[in-house]
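Chain by chain, the residues:
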Amino acid sequence: MNPNEHRKSEPLNYNTVLITGAAGFIGYHLSKRLLENGCSVTGIDNLNSYYDVGLKKARLEMLTPFENFSFFKIDISDKEVMGKIFKSSHFDVVVNLAAQAGVRYSLVNPQAYIDANIVGFVNILECCRHGDVEHLVFASSSSVYGANTKMPFSVHHNVDHPVSLYAASKKANELMSHTYSHLFGLSSTGLRFFTVYGPWGRPDMALFLFTKAILEKNPIKVFNHGRMQRDFTYIDDIIEGVVRVMGRPPEPDPTWNGDDPDPGTSYAKHKIYNIGNNNPVELMEFIATIEKELGKKAEKEFLDLQPGDVVATYADIDDLKKDFGFSPRTPIETGIKRFVAWFKEYYGYEFSTPSSSGLEKPQNLHHVNCFMCSKSSCGILPIFI
C-alpha cells in the first residue's frame, strides 16, 4: 500500500482510556472519536481561564450525552487527587493532553508551565507506573525544535536548544517519559504536534484571531513582517494519528546504539513521532486563504518577530508513515473553510455582523495581551505553535 494514502485505523485493542485536557481543543476531538468507537473514556480537565472557559464547557456539553463518558474537574498537578482517580479505575491507555499552552505566555507566567507541564506530568508518570497502564501517549510540540534550522524537522535530530520555556517543558516531558520507560518499563509515545487548527480551536491561535478580526474589521498583527512558515495540521489528521499510535505501544529498537544515540528511538519502550502536514505554508498565503474564505481583505499591521517564536516549522513524518501507514493530507483551503463555517455558526456571525442568535461573541480573549503588556488596547498576539 502507498504509505501516503489513508487507511483505516487498526482495530482498537483497548477499552478504557483516560484523557487529560479533555475539555481542550485536541482533547475534545479525541474524546468524541473514541466515544463514537465505543471506548469508555474518562476525561479530566481543570477548566482554567487561560482562554474562554465557556468554550471549554461547550465542548464538554458535546461529550456528556455519551453514556460511556465520565468527567472530573481535576488539576493534574494535584498529586493526591490524581492518585485517587487511578486507584478507583484501571485505564488501558492514558493520553496526556493537559498542559499550559502557548509560547509567549511562558515569558510572563513561567510558573504555570512548571506546575502543569512538569509537576503535572510527573504525576501522570507516577500514576501510570503504579496503575499498570499499558500505554502512555502524550502531547509534545513542534516547539521543541527551537533554534534548529535544518528542514524538515526530524525526530532523529538533536533538540537541545529550545527558545521558550514552553518548548523546554515539552522536551522535559520527552526525557522524563524515557526515564520511566527505562526504569519501570512504561510504554510511552510522545507526539510532536505541528500547528493544529480546525473547528473548536483555541481562541489564542492565529486562525481564530485573524478570522475574528477580519469579520469585525479590525487590524491583524503580522509578525516578522509576514516572513514566516508553519506546517499547519488539520485537527482530524491529528486525531487519526493519535488513534493509530494509541493502539500500538512502542517496542525497543534493537538497532539503537549508545555510541551514536538516536534521539527518536530507544532501547527502551519509548518512541517520538512528528504529526504534521509535511507541507509548510507561508504566513501571507495563510492569511490570503482566510481572506478568500471570508470574502474580505484584512487590514495588516506588520511587526517584528516576537521573542520565543521561530520563523518556520516543517515536519518530517517518515517514521509516522513507515510505522502506521498514515500521513496527514488535509489541504489548508479545506481546513480553513471548515473552521470558518464552524466559527460563524458557533458565534452567530452572518456576513460579518454578529446575529441575535444568543451565542456569545468571542469576548475576553484576555490573557495573552494583558499579560504581555499593561495596555488593555494593545490587541491579542496570535500564537503559532
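Residues numbered from 1 in each chain as written. Predicted model: local features only at pLDDT ≥ 70, side-chain atom pairs only at ≥ 80, totals over all residues. Heavy atoms only, no water.

Peer 1: Account for the overall build of the protein, with residues named and values stated.
Peer 2: Scanning the protein from terminus to terminus reveals 11 helices and 15 strands. When contacts within the protein are restricted to residue pairs at least 6 apart in sequence, those whose partners lie at least 24 apart make up 82%. By element, 51% of the accessible surface of the protein is carried by carbon and sulfur atoms, the whole surface being about 16300 Å². (Helix = DSSP H or I, 4+ residues; strand = E, 2+ residues; numbered from the N terminus. Contact = heavy atoms within 4.5 Å. Areas by Shrake-Rupley, 256 points an atom, 1.4 Å probe, with all protein chains shown as cover.)

Peer 1: Before we move on, can you summarise the environment of Ile26 with the specific residues and values?
Peer 2: Examined against the element boundaries, Ile26 turns out to sit in helix α1 (residues 25-36). The sequence separation of Ile26 and Arg202 amounts to 176 residues, and the corresponding C-alpha distance is 9.5 Å. Ignoring anything within four residues of it in the chain, the contact list for Ile26 reads Leu97, Phe193, Val196, Ile235, Ile238 and Ile239.

Peer 1: Let's hear about the environment of Asp160: which residues, and what values?
Peer 2: You can see Asp160 is positioned in the loop between β5 (135-141) and α5 (165-184). Put simply, Asp160 and Asn148 are 12 residues apart on the chain and 9.0 Å apart in space, counted from C-alpha to C-alpha. Here Asn158 takes part through its side chain, which lies 2.9 Å from a polar atom of the side chain of Asp160. Polar contacts involving the side chain of Asp160 include one to the side chain of Lys171, which spans 2.6 Å. (Polar contact = N/O pair within 3.5 Å; in protein donor to acceptor, adjacent residues only side chain to side chain.)

Peer 1: Break down the sheet that holds strand β3 (residues 69-73) for me, with residues and values.
Peer 2: Reading across the sheet, the 7 strands line up as β3-β2-β1-β4-β5-β6-β11 and stay open at both edges, with parallel pairing between neighbours. In the strand order of this sheet, the two ends are held by β3 and β11 (270-275), each with one partner. Ignoring strand direction, the axes of neighbouring strands in this sheet form an average angle of 20°. The sheet contact formed by β5 and strand β6 (residues 188-193) spans 6 bridges and is parallel. Paired with Phe138 across the two strands is Gly190, which belongs to β6. Against the sheet, helix α7 (residues 235-246) makes contact with β1 (16-20), β4 (93-96), β5, β6 and β11, and its axis sits at roughly 170° relative to β6, the strand it touches most. (Pairing = 2+ DSSP bridges. Axes fitted to C-alpha atoms, helices over the stretch in contact; angles between N-to-C directions.)

Peer 1: I'd like a description of the packing of aromatic side chains, backed by residues and values.
Peer 2: For the structure shown, the criterion picks out 29 aromatic pairs. Both rings, one in Phe208 and one in Tyr347, keep their centres 5.7 Å apart while their planes meet at 85°; by these two values the pair is edge-to-face. With a gap of 139 residues between them, Phe208 in helix α6 (residues 206-215) and Tyr347 in helix α10 (residues 332-347) connect regions that are remote in the sequence. Judged by its relative accessible area of 1%, Phe208 falls in the buried class. Its relative accessible area of 2% is what places Tyr347 among the buried residues. A connected cluster of aromatic rings, assembled from ring pairs, spans Tyr28, Trp200, Phe208, Phe339, Trp342, Phe343, Tyr346, Tyr347 and Tyr349. The positively charged end of Arg129 is found above the aromatic ring belonging to Phe184, 3.8 Å away from the centroid. (Phe/Tyr/Trp six-rings, centres within 6.5 Å; stacked < 30°, edge-to-face > 60°. Buried < 20%, exposed > 50% of the residue type's maximum accessible area, 1.4 Å probe, protein only. Lys NZ or Arg CZ within 6 Å of the ring centre and 35° of its normal.)

Peer 1: Any details on the pattern of salt bridges? Residues and values, ideally.
Peer 2: Throughout the structure, instances matching the rule amount to 17 salt bridges. A salt bridge links Asp160 to Lys171, with the shortest nitrogen-to-oxygen separation between them at 2.6 Å. Of this pair, Asp160 sits in the loop between β5 and α5 while Lys171 sits in helix α5, and the two are 11 residues apart along the sequence. Connected via shared salt-bridge partners are Arg33, Glu240 and Arg244. (Salt bridge = Lys/Arg side-chain N within 4 Å of Asp/Glu carboxyl O.)

Peer 1: Would you mind going over unusual backbone geometry in detail, with residue names and values included?
Peer 2: Between Met151 and the following residue, Pro152, the backbone shows a cis peptide bond with an omega angle of -10°. Along the chain, Pro152 turns up in the loop between β5 and α5. Positive phi, close to 35°, is recorded for Thr195, a residue that is not glycine. Of note in this structure, Asn224 is not a glycine but carries a positive phi near 55°.

Peer 1: Describe the packing of α6 against α10, listing the residues and the values that go with them.
Peer 2: Following both chains from N to C, one finds α6 and α10 inclined at 60°, their axes separated by 11 Å at the closest point. Viewed along their axes, α6 and α10 adopt a mutual orientation that is oblique. Helix-helix and strand crossings are classified by hand; for α6 and α10 the assignment is right-handed. Two secondary-structure elements touch here, α6 through Leu207, Phe208, Thr211, Lys212 and Leu215 and α10 through Ile336, Phe339, Val340, Trp342, Phe343, Lys344 and Tyr347. (Parallel < 35°, antiparallel > 145°, perpendicular 65-115°, else oblique. Left-handed = near helix turned anticlockwise from the far one by under 90°.)

Peer 1: Please give an account of the side chain of Asn277 that cites residues and values.
Peer 2: Mapped onto the elements, Asn277 comes out in the loop between β11 and β12 (281-282). Setting aside residues up to four positions removed in sequence, Asn277 forms contacts with Asp231, Phe232, Thr233, Asp237, Pro328, Arg329 and Thr330.

Peer 1: A description of the layout of surface pockets should follow, citing residues and the corresponding values.
Peer 2: Here the largest pocket defines a volume of roughly 780 Å³. Along the walls of the largest pocket sit 39 residues, with Leu97, Ala98, Ala99, Gln100 and Ala101 positioned nearest its centre. Taken together, the elements giving at least two residues each to the lining of the largest pocket come down to α1, α4 (110-130), β5 and α5. Taken together, the residues of the lining of the largest pocket break down into 21 nonpolar, 12 polar and 6 charged. (1 Å grid on protein atoms, 1.4 Å probe; cavity = no way out; pocket = protein on both sides within 12 Å on 5 of 7 lines; lining within 4 Å. Points joined across faces, edges and corners; volume = space filled by probe spheres on them. Nonpolar A, V, L, I, M, F, W, Y, C, P; charged D, E, K, R; others polar.)

Peer 1: Give a description of α4 that names residues and reports values.
Peer 2: With 21 residues, α4 should reach 30 Å at 1.5 Å per residue; the first-to-last C-alpha distance of 29 Å fits that figure. Bending of α4 peaks at approximately 25° at the position of Gly120. Taken together, the buried positions of α4 are Ala112, Tyr113, Ala116, Asn117, Gly120, Phe121, Asn123, Ile124, Leu125, Cys127 and Cys128. Buried residues along α4 sit against β1, α3 (79-88), β4, β5 and α5. (Expected span 1.5 Å × (residues − 1). Bend = angle between axes of the 7 residues up to and from the residue.)

Peer 1: Let's hear about helix α8 (residues 283-294): which residues, and what values?
Peer 2: In this model, α8 (12 residues) spans 17 Å end to end at C-alpha, consistent with the 16 Å of a helix rising 1.5 Å per residue. When α8 is considered as a whole, its buried residues turn out to be Leu283, Phe286, Ile287, Thr289, Ile290, Glu291 and Leu294. Buried residues belonging to α8 abut α6, β8 (220-222), β12, β13 (300-302) and α10.

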